[in-house]
Amino acid sequence: MSTDSAPINLTHHFLIAMPGMRDETFGRSVVYLCEHSERGALGLVINKPSDINLRALFEKVELPTDRTQIGDSPVFQGGPVKTERGFVLHEPMFADPPDNTEPVYASTMTIPGGLELTTSKDVLEAMAAGGGPRKVLVSLGYSAWGEGQLESELAENSWLTVDADPAVIFDTPVEQRYDKALLLLGLQAWTLSPDAGHA
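The structure presented is a predicted model; accordingly, all values stated were derived computationally and were not measured.

A.B. asks: I'd love a proper account of the side chain of Thr108, names of residues and values included.
C.D. replies: Mapped onto the elements of the fold, Thr108 is located in strand 7 (residues 108-111). We classify Thr108 as buried; its relative accessible area is 19%. Only 2.7 Å separates the side chain of Thr108 from the side chain of Thr118, close enough to count as a polar contact.

Dropping the structure here:
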């Protein structure tokens, strides 16, 4: 393939780590790409829970909640960048009336493909109070690639890519997300070689 070909846009795609990836952060990871352009890429690892849950996070930011159901949900390690900051990946939320397409929260990025990423505390406040989005993934930190970096990792056979399926993020048990993402490509982990396919 020519290096002059049109740039690829993997926004709203999964990156699935190949078995040969030894990096502790990204080994056996599935990354949801929130943004990808010629300037680089930004995403969240969706299958690496941290050692804190949402209740602990709410307490840390002084938001008491009695919502036991969401309080037990894990907070994920979204990636190695800005690990002290929270990122909330969630279903689209619209202000009333229904035809209003303005974001509900102060700092929300709408991702082409149907999800939203909010970085402002107001989404956590809404969740703690019993409102907010129903389908959420909360992470500390994110994953980022500079200009051309992700493309070179793809060329080195570090990642598989597939259109994202929100059901893998929100409706699939954490320990099954890697295998479920592979199944979107019709693959199973044992069929993948850890070696890059160079002739």
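A.B. asks: Go over the side chain of Ser29, please, and point to the residues and values.
C.D. replies: Counting through the fold element by element, Ser29 comes out in the loop between strand 1 (13-17) and strand 2 (30-37). Ser29 sits in the buried class, given a relative accessible area of 0%. Contact partners of Ser29, with chain neighbours within four places excluded, come to Leu15, Ile16, Ala17, Val45, Asn47, Lys48, Trp159 and Tyr178.

A.B. asks: Describe the nonpolar core, and please don't skip the residues or the numbers.
C.D. replies: Core analysis: the largest hydrophobic core is formed by 28 residues, its most contacted members being Phe14, Tyr32, Leu89 and Ile169. By size, the runner-up hydrophobic cluster in this structure holds 15 residues, among which are Leu63, Val88, Met93 and Ala128.

A.B. asks: Would you mind going over the pairing of strand 8 (residues 115-118) in detail, with residue names and values included?
C.D. replies: Burial along strand 8 is two-sided: Leu115 and Leu117 and Glu116 and Thr118, pointing in opposite directions, are all buried. As judged from the three bridges shared by strand 6 (residues 81-90) and strand 8, these two strands associate in the antiparallel manner. Among the inter-strand pairings, His90 is bridged to a residue of strand 8, identified as Glu116. Summarising the sheet, strand 7 and strand 8 pair through four bridges and their orientation is antiparallel. Paired with Ile111 across the strands is Leu115, a residue of strand 8. Hairpin remark: strand 7 followed by strand 8, antiparallel, with three residues in the connecting loop; positive phi at Gly113, about 120°.

A.B. asks: Quick rundown of the packing of aromatic side chains? Include the residues and the values.
C.D. replies: Under the counting rule described, the total for this entry stands at five aromatic pairs. Both rings, one in Phe26 and one in Trp159, keep their centres 5.6 Å apart while their planes meet at 75°; by these two values the pair is edge-to-face. Separated by 133 residues along the polypeptide, Phe26 in the loop between strand 1 and strand 2 and Trp159 in strand 10 (residues 159-163) bring together distant segments of the chain. Each member of the pair, Phe26 as well as Trp159, carries the same accessibility label: buried.

A.B. asks: How would you explain unusual backbone geometry if you had to name every residue and give the values?
C.D. replies: The phi angle at Glu62 is positive, at roughly 60°, despite the residue not being glycine. Tracing the sequence through the fold places Glu62 in the loop between helix 1 (54-60) and helix 2 (68-71). The backbone of Asn157 sits at a positive phi, close to 65°, despite the residue not being glycine. The class for Asn157 is partly exposed, based on a relative accessible area of 28%.

Definitions and limits used
- Residues numbered from 1 in each chain as written.
- Predicted model: local features only at pLDDT ≥ 70, side-chain atom pairs only at ≥ 80, totals over all residues.
- Heavy atoms only, no water.
- Helix = DSSP H or I, 4+ residues; strand = E, 2+ residues; numbered from the N terminus.
- Buried < 20%, exposed > 50% of the residue type's maximum accessible area, 1.4 Å probe, protein only.
- Polar contact = N/O pair within 3.5 Å; in protein donor to acceptor, adjacent residues only side chain to side chain.
- Contact = heavy atoms within 4.5 Å.
- Core = buried A, V, L, I, M, F, W, Y, C linked by side-chain atoms within 4.5 Å.
- Pairing = 2+ DSSP bridges.
- Phe/Tyr/Trp six-rings, centres within 6.5 Å; stacked < 30°, edge-to-face > 60°.

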